[in-house]
Amino acid sequence: MNSFEDILITNNLITAFVFVGLTVYFAYFISEKLTNGRFHGSAVAIILGLIFAYFAGTLTGGEKGVADIAILSGVGILGGSMLRDFAIVATAYGANFSDLKSSGKAGIFSLFFGVILSFSLGAIVAIAFGYDDPKDITTIGAGTVTFVVGPVSGSAIGASSEVIALSIAAGLVKSILVMTTTPLFAKRIGLDNPKSAMVFGGLMGTNSGVAAGLAAVDPKLVPYGAMTATFYTAVGCLLVPSVLFLLIDLMF
Amino acid sequence: MVIYGIALLGICTLIGLIAGQLLGSWFGIDANVGGIGIAMLLLMYFSNTSNAHFKIGDMSEKGITFWSMIYIPIVVAMASKQNVIGAIDGGLMALLAGIFAVLVSFIFIPIISNFEKNK
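For clarity, every value in this text was computed on a predicted model and none was experimentally measured. (Residues numbered from 1 in each chain as written. Chains lettered and ligands numbered in written order. Predicted model: local features only at pLDDT ≥ 70, side-chain atom pairs only at ≥ 80, totals over all residues. Heavy atoms only, no water.)

**Quick notes on the packing of helix H3 (residues 58-69) of chain B against helix H4 (residues 71-80) of chain B**
Residue and element names in this part refer to chain B. Packing of H3 against H4 brings their axes to within 4 Å, and their N-to-C directions diverge by 35°. Facing Trp67, Ser68 and Met69 of H3, the residues of H4 in contact are Tyr71, Ile72, Pro73 and Ile74. Classifying every residue of the contact of H3 with H4 by side-chain character gives 6 nonpolar, 1 polar and no charged. (Axes fitted to C-alpha atoms, helices over the stretch in contact; angles between N-to-C directions. Helix = DSSP H or I, 4+ residues; strand = E, 2+ residues; numbered from the N terminus. Contact = heavy atoms within 4.5 Å. Nonpolar A, V, L, I, M, F, W, Y, C, P; charged D, E, K, R; others polar.)

Here it is in C-alpha cells:
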C-alpha cells in the first residue's frame, strides 16, 4: 500500500495529469447528462476543482487546496503560475493582430476604469462596515482590485496584518466569482468577441478569474482577455498606494 | 521539429517576463508589469511573420498548439489549488466586497464595449 502511494508521490506531476483528466471527464459527463450541455463542461470542471479545493482545505488546513494532499502535490505544479503563464502565452498563437489593435483603446480605458471601479466598490463596503482609517479603507479597496494589489498596497502604506488578510480574502472571493459566474453572464453582456473579451479582462483583472472564466465561455477569446488582465495588477499596484490612497486620505 | 515550437514559446515567455520585471522595477513596484502581455505580442508577431529566413513549420506549430490546448486542464488544476476556505473565512465584508465588484463590473462590460461603436 505504502509503495503504491510512494509511486504516486514521486511521480506527482503524472498523478496530477490523471487527476485533472478524470475531473474533466467527470465534468463533461455531468454537463451532458445533468444540464443537457447547457452548462459548459469546462465550467463544470472549474467548479469541481474549486469544490475539491474546499474539501481539501478543510481536510488539511492548508492554503493550497488539493495540492496540500501529498499524492496530489503535482496539481500545484500543473496549476502553478509557471505552466499557467506558459499556456496563456501559447493561446496567443494565431490570435489576430488587427482585432487587438481595433479594440486597444477600449481595452486600455477598461483597465484604468476597472481598477478604480473595483477599488471604489471595495472602499464603499469597508466604509459601510464602519472602517474609518484611510489606511484600512485603502487596503480593503486594494484587495478588491486583486489579491496581489491588497497586500502590496497594504504593506506600502502600513496597514495592519488583519486588514491585509481581509483584503486578500476579498480578492479571492472576486477571483472565484469571476471563474464561476462568467459563463452565466456571458451571453447577456455580449462576451462573444475579441473586443468585449479585452474589456472583460480589463474590468475584472484577476488573472486566474479571467483565465478560467474565458476558458469556460470560448477558448478563442482567452488571449484577448489575458492581454489586458496581465496589466491590471500592475496598474492597481501603481494607482492604489499613490493617487487613490491620497484621495481617500483627503476624504477621511 | 516539435521542440522548436516549444522553445520559441519558451523564448517569448521568458523575454516577456524579464521585460515585465524590468518595467516593474522602473515603476518601483514589486510586480511583473504586463510580462505575459509582452510575451503574447511577441508570439503573435512570430506567428504572423513568414519569410525566406523564418517560418514556423507544421511540426514546430504542434509544440505551440499543444500548450494552447492544454490550457483549460491547467486552469482546472489552478482552480483545484485555490484557497477557497480563505475566501469564505474572510467574513461577510470580504464576501460583499468581492460580489459587489464582480457584479458591477459585469454591468459595465457591454457599456464600454459598445461605447465606440455608437460614436
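**A closer look at the interface of chain B and chain A**
Across the contact, 69 residues belong to chain B and 90 residues belong to chain A. Three residues stand out in chain B for area buried against chain A, namely Tyr71, Met93 and Phe106 of chain B, and they jointly supply 11% of the buried area on that side. Connecting chain B to chain A are 0 salt bridges. At the junction of chain B and chain A, the tally comes to 5 residue pairs in polar contact (both at pLDDT 80 or more). Going through the elements one at a time, helix H1 (2-27), helix H2 (35-48), H3, H4, helix H5 (84-89) and helix H6 (91-115) of chain B are the ones with two or more residues in the side of chain B that touches chain A. Within the side of chain B that touches chain A, the residues separate by chemical class into 47 nonpolar, 18 polar and 4 charged. (Buried area = accessible area lost by both parts, 1.4 Å probe. Salt bridge = Lys/Arg side-chain N within 4 Å of Asp/Glu carboxyl O. Polar contact = N/O pair within 3.5 Å; in protein donor to acceptor, adjacent residues only side chain to side chain.)

**With respect to the nonpolar core**
Counting residues in each nonpolar core, the largest one holds 79 residues, and the members touching the most others are Ile46 and Phe200 of chain A together with Leu43 and Tyr71 of chain B. In terms of nonpolar packing, the next biggest core, distinct from the first, is built from 19 residues, Ala142, Ala234 and Leu244 of chain A together with Ala31 of chain B among them. (Core = buried A, V, L, I, M, F, W, Y, C linked by side-chain atoms within 4.5 Å. Buried < 20%, exposed > 50% of the residue type's maximum accessible area, 1.4 Å probe, protein only.)

**Description of the pattern of salt bridges**
Summed over the entire model, instances satisfying the criterion amount to 1 salt bridge over all chains. Two residues, aspartate 85 of chain A and arginine 84 of chain A, come together in a salt bridge whose shortest N-O distance is 3.4 Å.

**Focus: the packing of helix H2 (residues 12-35) of chain A against H4 of chain B**
Where H2 of chain A meets H4 of chain B, the closest approach of the two axes is 10 Å, and the angle between their N-to-C directions is 100°. For the element pair H2 of chain A / H4 of chain B, the angle class is roughly perpendicular. The segment H2 of chain A lies against H4 of chain B, with Phe19, Val20, Thr23 and Val24 of chain A engaging Pro73, Val76, Ala77 and Ser80 of chain B. Here the residues of the contact of H2 of chain A with H4 of chain B sort into 6 nonpolar, 2 polar and no charged. (Parallel < 35°, antiparallel > 145°, perpendicular 65-115°, else oblique.)

**Some points on the domain arrangement of chain A**
All names here are of chain A. For chain A, the assigned domains are domain 1 (2-79) and domain 2 (97-251). Relative placement of domain 1 and domain 2: their C-alpha centres are 27 Å apart. In this complex, domain 1 contributes 7 residues to the contact, which on the side of domain 2 involves 8 residues. Carbon and sulfur atoms supply 84% of the area buried between domain 1 and domain 2, which totals about 570 Å² over both sides. Its largest share of buried area at the contact with domain 2, domain 1 owes to Phe39, Ile46 and Leu50, together 64% of the area lost on that side. The tally of links between domain 1 and domain 2 comes to 0 salt bridges. For the interface between domain 1 and domain 2, the tally reads 0 residue pairs in polar contact (both at pLDDT 80 or more). Looking at the side of domain 1 that touches domain 2 residue by residue, the class counts come to 5 nonpolar, 2 polar and no charged. (Domains from an automatic or database assignment.)

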